[in-house]
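Understanding the architecture of this molecule
The chain contents come next:
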Amino acid sequence: MKNYHDLKQELKEVVLEKIDLSRGCEDNEIQELIDELIIEKGKQTYISLPDKQRLSKELFYAIRKLDMLQELIDDSSVTEIMINGTDSVFVEKDGKLSQWEETFESREKLEDVIQQIVAGCNRVVNEATPIVDARLENGSRVNVVLPPVALNGPILTIRRFPDKPIGMEDLISYGSISQEVADFLQKLVEAKYNILISGGTGSGKTTFLNALSQYIPKSERIISIEDSAELQIQGIKNLVRLETRNANVEDCKEITIRDLIKSSLRMRPDRIIVGEVRGGEAIDMLQCLNTGHDGSLSTAHANSGKDLLARLETMVLMGIELPIVAIQRQIAAGIDIIVHLGRLRDRTRKVLEILEVVGYEQGEIQTKSLYEFEEAEEKGGIILGRLEKREALGHLEKWKAAGIQ
């Protein structure tokens, strides 16, 4: 028998020759053609049953799916795939990071997979535009960095989200939040408090935003705005989803988060959800919060709740020149609540703090801690603790207006 990889390549070339490119072929037609060729080849040379099954799957993945990556994409326990060039693939599975034994056979094959991914969501990546964010059909977030920016070959990072969106009940069962605090946040969402979720990379901001959105009344009109659509907002019928677009070689104009926020204000939203604020769009988000669009939600990277306020000041200055006092007053007036998330040393994600923005005095944005996570002990490598209540909610105007007791 030929070398397995040579046999696979030979059969792949035959399949590609036989596919009718003049019409769209269904997946089952491709699979039948592959199986027929394997059976025919098996009459000429010995191929073991395990190798036949492996060939059938890998050929279909190589022609119709994402080649060797498809096995990882289909594995629900895999949460992150990191490809550092052709010879280095790392996988996060069940919270643990390890190197995968498989590698790409060539740089061209890896680049083919990357182009297949970005083309599927109308994005372009090449030497002229070597960095792009995209997504897979299942909603997984994809980041691509190509040479000459990436020195060790094409870099592909895929963050896979659960097939079934994680709800607040799941977060409670995981110990990420207590039932008491979840009930409190539910009332805040229903009463249309403006809430920002902060945290570091991998702290679960998008997951928490999805879970928080389940408390939005189903009768409202919601507009979600994202760089790469990954939110899984459930149960809202009047939902408009907007996504940015990069400029490309066909002279398509770039459409930014700022453009989408401005456009959304003309679409009569009850609430606006911005997937992540990371730059000059912060000023548009604040103006939106200060012009009657209460109940809006967003996320941002920060090391703490108070650090988020400082980062917002910087982000606003990236978009417009304003006196720092004016920016701080906008932040204090627009944001009601900050929920800060963190990933602890045992790799668990938890709500670490809930801050209320209470106003602006003496040149500073005033906040107070409503809840704070207190670590009790570490048992069997697991950190135990609970969210302790510090102070009561100060601003009750929206609470009372919503008729909440």
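My aim in this report is to walk through the structure given alongside it, one point at a time. (Residues numbered from 1 in each chain as written. Predicted model: local features only at pLDDT ≥ 70, side-chain atom pairs only at ≥ 80, totals over all residues. Heavy atoms only, no water.)

Observations concerning the sheet that holds strand β3 (residues 96–99)
The following threshold applies: Paired strands, in this sense, are two strands between which DSSP finds at least two bridges. In this description a helix means any DSSP run of H or I spanning at least four residues, a strand means any run of E spanning at least two, and both kinds are numbered starting from the N terminus. Only the contacting stretch of a helix is used when fitting its axis, a line to C-alpha atoms as for every element, and angles between N-to-C directions run 0 to 180 degrees.
With antiparallel pairing, six strands are arranged side by side in an open sheet as β3-β2-β1-β6-β5-β4. Edge positions in the sheet fall to β3 and β4 (131–135), since each has one partner strand and no second. Neighbour-to-neighbour, the strand axes of this sheet turn through a mean angle of 15°, independent of strand direction. The pairing of strand β1 (residues 78–84) with strand β2 (residues 89–93) spans five bridges and is antiparallel. The residue bridging I83 from the neighbouring strand is V89, located in β2.

Here we look at the pattern of salt bridges
Selection rule: Salt bridges are defined by distance alone: a side-chain nitrogen of Lys or Arg within 4 Å of a carboxyl oxygen of Asp or Glu. Throughout this description, buried means an accessible area under 20% of the type-specific maximum (1.4 Å probe, protein chains only), exposed means over 50%, and partly exposed covers the range between.
Counting across every chain of the model gives 19 salt bridges. Where D270 meets R268, a salt bridge forms, and the shortest distance between an N and an O atom there is 2.9 Å. Taking the shortest distance from any N to any O, the salt bridge between R345 and E375 comes out at 2.7 Å. Of this pair, R345 sits in the loop between β12 (337–343) and β13 (349–361) while E375 sits in strand β14 (residues 364–379), placing them 30 residues apart in sequence. Classification of R345 as exposed rests on a relative accessible area of 56%. Taken together, the shared-partner salt bridges in this structure form one network comprising D227, E276 and R278.

Observations regarding the pairing of strand β15 (residues 382–389)
In the sheet, β14 pairs with β15 via eight bridges, with the strands oriented antiparallel. Bridge pairing links F373 to L387 in β15.

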